[in-house]
Amino acid sequence: MSQSFEKHVLDLLPRLRRFAIGLAGSAADGDDLCQMTIERALARRQQWQEGTRLDSWMYRIMRNIFIDEGRATTRRRETFVDEDAGLSVGGDGGQEATVELSMVDRAMARLPEEQREAVLLVMVEGWSYKEAAAIVGCPVGTLNSRLVRGRDALLAILEDVQ
Amino acid sequence: MSITAEMIAAFADGELEDAERAVVEAALAADPALGRKIAAHRALKDRLTSHYAPIAEATVPTHLAALLDSSREPANASKVVSFAAARQKRGLAPMVRRWAPVAGPALAASLILAIWQPWQARTPEGYAGGDLATALETQLAAAQPADAPTRILISFVREGGGLCRAYRSGETGGIACRDTTGWKIERRFELQGPDKGQFRQAGSEAELLTAAQDMAAGEAFDAEAERAAKAQGWAN
């Protein structure tokens, strides 16, 4: 098993990258976060217990790095978020799609980190409330209320625009 | 029961328990606004999902995938040195942590990942040094070459704790146990070569293994336990 640890992580990488870019708000910062996460996971691979889920373990490492070390990045991004026309992190499409997609990014960028991670974990990454709470390390009720505040804010922001 | 914003969102996500779900369902029939809120939550989820989906479908950047390519050297601190160069350093007992994850068998034989520590500048009395220390530290009984100069016979935990390995190098063999200093040689054996019957006084590998068994607290390691012990740096 331990020999294929790298392979398991590699298989998770597309999902981890989606979460990282969603958290960090740009592909460049998200990939940096991904790299830090992979490095920490490799350094701490002994701490992962076989038989437990590798994906939630990796998500937890990533969100901890983001919370601990990502603040400077986040501040920088928030400063420029309104001016940055190239902020879209999602898929491209026609001109219309690009405009629409970047609105989601802008709305997400306005959320406090704890709401953003709750929204991403549940609504994008598909974790249950319980699993998401375990990744964040908070009670389910707390996760639930962050999620609600986050999604209400998103609904309000996106409704305004439309 | 009043319906909270949390309940509405959880209902939309299919996360409500039966009792609360029944409350929301009942209210839903009477309150069209509630239905619109739930629809808005689900629409938001769809929108976010489709917004971020292309990232997970995209090819992972090569520099990230390369970090997980086990055929390459890890990007972090450890230093790859050639085995030959390590042996040229007279008086140094290379502390070999693990085989460098290299692609080809030829490279695997000539490259090691070595980390020197101060105590390795000189092999302390009674401890394994040089090639023997390297073999004890790196070789797995289950995966060593058939013609390895030193062969690991078994690995086990001794009575009272501590990890030990029985080994054989040609006509000598022994049992070494790992402590914080290195591999302390606990027992030495002169062994009978397979085709050298003239050494009547020499013992057999079986005696060595019996001695190991006497020292052991339990069973000898199987391949997996051995690999795990190595991964933990032989700490017990």
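Residues numbered from 1 in each chain as written. Chains lettered and ligands numbered in written order. Predicted model: local features only at pLDDT ≥ 70, side-chain atom pairs only at ≥ 80, totals over all residues.

## Some words on the overall build of chain B
So, step 1. When you go through chain B residue by residue, the secondary structure sums to nine helices and seven strands.
So, step 2. Put simply, 49% of the contacts in chain B that link residues at least 6 apart link residues at least 24 apart. (Helix = DSSP H or I, 4+ residues; strand = E, 2+ residues; numbered from the N terminus. Contact = placed C-beta atoms within 7 Å.)

## Quick notes on the overall build of chain A
So, step 1. Per the secondary structure count, chain A includes eight helices and zero strands.
So, step 2. Across chain A, helices and strands are ordered from the amino to the carboxyl terminus as α-α-α-α-α-α-α-α.
So, step 3. Burial statistics for chain A: of 162 residues in total, 40% are counted as buried. (Buried ≥ 20, exposed ≤ 12 C-beta atoms within 10 Å, placed from the backbone.)

## Considering the nonpolar core
Within soluble globular proteins, side chains that are nonpolar generally end up buried alongside one another.
So, step 1. Counting residues in each nonpolar core, the largest one holds 51 residues, and the members touching the most others are Ala20, Met62, Val119, Val122 and Ala132 of chain A.
So, step 2. Top element by residues in this core is helix H1 (residues 5-24) of chain A. It accounts for eight residues.
So, step 3. Sequence-distant contacts of Val122 of chain A, that is, excluding residues within four places in its chain, are made with Trp127, Tyr129, Ala132 and Leu147 of chain A together with Asp13 of chain B.
So, step 4. Within the second largest apolar cluster, 22 residues are counted, among which are Ala133, Ala135, Ala212 and Phe221 of chain B. (Core = buried A, V, L, I, M, F, W, Y, C linked by C-beta atoms within 7 Å.)

## Here we look at the packing of H1 of chain A against helix H3 (residues 32-57) of chain B
So, step 1. One way to put it is that H1 of chain A packs onto H3 of chain B with a least axis distance of 8 Å and a crossing angle of 135°. Between H1 of chain A and H3 of chain B, the interaxial angle falls into the category oblique. H1 of chain A and H3 of chain B meet at a crossing whose hand is right-handed. Mapping the contact onto sequence places Pro14, Arg15, Arg17, Arg18, Ile21 and Gly22 of chain A in H1 of chain A and Tyr52, Ile55 and Ala56 of chain B in H3 of chain B.
So, step 2. For the contact of H1 of chain A with H3 of chain B, the class distribution of residues is five nonpolar, one polar and three charged. (Axes fitted to C-alpha atoms, helices over the stretch in contact; angles between N-to-C directions. Parallel < 35°, antiparallel > 145°, perpendicular 65-115°, else oblique. Left-handed = near helix turned anticlockwise from the far one by under 90°. Nonpolar A, V, L, I, M, F, W, Y, C, P; charged D, E, K, R; others polar.)

## Some thoughts on the interface of chain B and chain A
So, step 1. With 30 residues of chain B at the contact, the number on the chain A side is 36 residues.
So, step 2. Counting only elements with at least two residues in the side of chain B that touches chain A, the list comes to helix H1 (5-12), H3, helix H4 (62-67) and helix H9 (223-231) of chain B.
So, step 3. Per element, the largest residue contribution to the side of chain B that touches chain A is 12 residues, and it comes from H3 of chain B.
So, step 4. Here the residues of the side of chain B that touches chain A are counted per class, giving 18 nonpolar, six polar and six charged.

## Some points on the sheet that holds strand S5 (residues 163-169) of chain B
Residue and element names in this part refer to chain B.
So, step 1. The four strands lie next to each other as S4-S5-S6-S7, forming an open sheet whose pairing is antiparallel. The outermost strands of the open sheet, each flanked by one partner alone, are strand S4 (150-157) and strand S7 (183-190). Averaged over all pairs of adjacent strands, the angle between their axes in this sheet comes to 20°, without regard to strand direction. (Pairing = 2+ DSSP bridges.)

## Focus: the confidence of the model for chain B
Keep in mind that low pLDDT regions are not for reading the predicted coordinates in detail.
Residues and elements named next belong to chain B.
So, step 1. With 72% of its residues at a pLDDT of 70 or more, chain B shows a mean pLDDT of 75.
So, step 2. Contacts from residues 73-120, a stretch scored under 50 in pLDDT, to residues over four places away or in other chains number 67 contacts.
So, step 3. Under a pLDDT of 50 for its full length, residues 195-201 has, in the predicted model, one contact with residues more than four places off or in other chains.
So, step 4. Interface scoring of the predicted complex returns ipTM 0.82; its pTM is 0.55. (pLDDT = per-residue confidence, 0-100.)

## Some points on the pairing of S7 of chain B
Residue and element names in this part refer to chain B.
So, step 1. Of the strand pairs in this sheet, strand S6 (residues 172-178) and S7 are connected by seven bridges, and their pairing is antiparallel. Pairing of Arg178 across the sheet is with Trp183, part of S7.
So, step 2. The turn linking S6 back onto S7 is made up of four residues.

## Thoughts on the environment of Pro124 of chain B
Residue and element names in this part refer to chain B.
So, step 1. Looking at where Pro124 falls in the secondary structure, it is placed in the loop between strand S3 (111-114) and helix H7 (130-138).
So, step 2. Here the alpha-carbon distance between Pro124 and Lys184, two residues 60 residues apart in the chain, equals 9.0 Å.
So, step 3. What Pro124 contacts, discounting residues up to four positions off in sequence, is Thr181 and Gly182.

## Focus: unusual backbone geometry
So, step 1. The backbone of Trp234 of chain B shows a phi angle near 65°, a positive value even though the residue is not glycine.
So, step 2. Relative to the assigned elements, Trp234 of chain B resides in the segment after H9.

## Observations regarding the environment of Glu6 of chain B
So, step 1. As for its position among the elements, Glu6 of chain B is in helix H1.
So, step 2. Given 18 C-beta atoms within 10 Å, Glu6 of chain B falls into the partly exposed group.
So, step 3. As for Glu6 of chain B and Leu16 of chain B, which are separated by 10 residues in sequence, their C-alpha atoms are 9.6 Å apart.
So, step 4. Beyond its immediate stretch of four places on either side in the chain, Glu6 of chain B contacts Asn144, Ser145 and Val148 of chain A.

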